[in-house]
Amino acid sequence: MAYAVLYRLLQRPFTKSCHHIRQWTKYLLARPSRYHLLLTTTFIAKCDTRPRIDLQEPDPNTLSQEYLLRSVSSQTADAVTAMLSQAARALIEAEEKYRKALTILTDLTEQHMSVLGNEEEENIVWDIILQARYQLDVLNRKRKDLEILFSCVQKLADASAEVAFLAGTEFLSTSMGERMHNAQRHVESARAETERAEEILRETQAINVKITTEHAEKQKSECVYTDTDLEENVNKSAS
């Protein structure tokens, strides 16, 4: 019954139906379904009293060179902005992956120090460290390539901002500058975290070298003492 009443209301003139449509809209919203939602949307659109603006295609005879330059610079700025965002995101993700690999290598180095003296476990951990170093080199090369790409995109964005300013679209030029600054800020933040992870790895590796050297010297001295004792025992037995 509700659908039949609403259909009749839609046939009335707009000004007479609007009040009744609002009343029946409350009824439909109290009973949500796919069909109720469709009818409710139609009723709200019919009651919309805002003035409508009909878009028209521009007349080619009225297009000036200034208008065309501003339009092209706007499209160029949009494309460069998208490229800048994607390049920054790719570089930040590469920094995160590289930083994760640094943390893994740091943990493996610490584990290597804990198994010194156990030759079997030491060899296993060392093989894993070699694999981690190879993976780290691969991620670092990818990170460097993306850094070069991001630097080139920054130059492109800077040139695009300058072109937008000269074309008369100062707002686009200012907006492009803000976006470049924002992207650079996020990239520098990720890079700073990576540098801290690299510093931790270098410190851990230095400690590992020191402990490994001390352990090797200790083993060497023990071997010398063992050989000396063995020689003395042999001499005593001969005498």
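Caption draft 1: Quick peek at helix α5 (residues 119–166). Here α5 is 48 residues long and its end C-alpha atoms lie 70 Å apart, about the 70 Å a rise of 1.5 Å per residue gives. Following α5 by one or two positions, Gly-168 adopts a phi angle in the positive range, close to 100°.

Caption draft 2: Expanded view of the packing of helix α4 (residues 65–114) against α5. The N-to-C vectors of α4 and α5 enclose an angle of 160°; their axes lie 7 Å apart at closest approach. When the axes of α4 and α5 are compared, the pair comes out roughly antiparallel. Two packed elements cross with a definite hand, and for α4 against α5 that hand is left-handed. Partitioned by chemical class, the residues of the contact of α4 with α5 number 28 nonpolar, eight polar and six charged.

Caption draft 3: Up close: the nonpolar core. Counting residues in hydrophobic clusters, the biggest one holds 20 residues, and the most contacted among them are Leu-84, Phe-150, Met-176 and Val-187. Of the residues forming this core, the biggest block, eight residues, is contributed by α4. Non-local contacts of Val-187, meaning those with residues more than four positions away in its chain, are made with Ala-88, Leu-91, Ile-92 and Phe-150. Of all hydrophobic cores here, the second largest spans 13 residues; its members include Leu-102, Leu-105, Val-115 and Leu-201.

Criteria and thresholds
- Think of each chain on its own: its residues are numbered from 1, step by step along the sequence as written.
- Selection of residues for local features in this predicted model requires a pLDDT of at least 70, selection of side-chain atom pairs for listing and counting requires 80 or more, and totals for whole chains, interfaces and linings are taken over all residues.
- The side-chain values count all of the structure's non-hydrogen atoms but skip hydrogen atoms and water molecules.
- In this description a helix means any DSSP run of H or I spanning at least four residues, a strand means any run of E spanning at least two, and both kinds are numbered starting from the N terminus.
- In this analysis, the expected span of each helix is defined as 1.5 Å times one less than the number of residues it contains.
- Axis lines are fitted to C-alpha atoms, over the contacting stretch for helices. Their N-to-C directions set the angle, which ranges from 0 to 180 degrees.
- Roughly parallel covers angles under 35 degrees, roughly antiparallel covers those over 145, roughly perpendicular covers 65 to 115, and oblique covers all other angles.
- Crossings are classed by handedness, with left-handed meaning an anticlockwise turn of the near helix from the far one by less than a right angle and right-handed meaning a clockwise turn.
- Under the scheme applied here, ten amino acids are nonpolar (Ala, Val, Leu, Ile, Met, Phe, Trp, Tyr, Cys and Pro), four are charged (Asp, Glu, Lys and Arg), and all others, including Gly, are polar.
- Residues enter a nonpolar core if they are buried and are Ala, Val, Leu, Ile, Met, Phe, Trp, Tyr or Cys, with the set joined through side-chain atoms within 4.5 Å.
- A simple rule labels every residue: compare its accessible area, found with a 1.4 Å probe on the protein chains alone, to the largest value its type can have, and call it buried under 20%, exposed over 50%, or partly exposed in between.
- A contact between two residues is defined here by any heavy atoms of the two lying within 4.5 Å.

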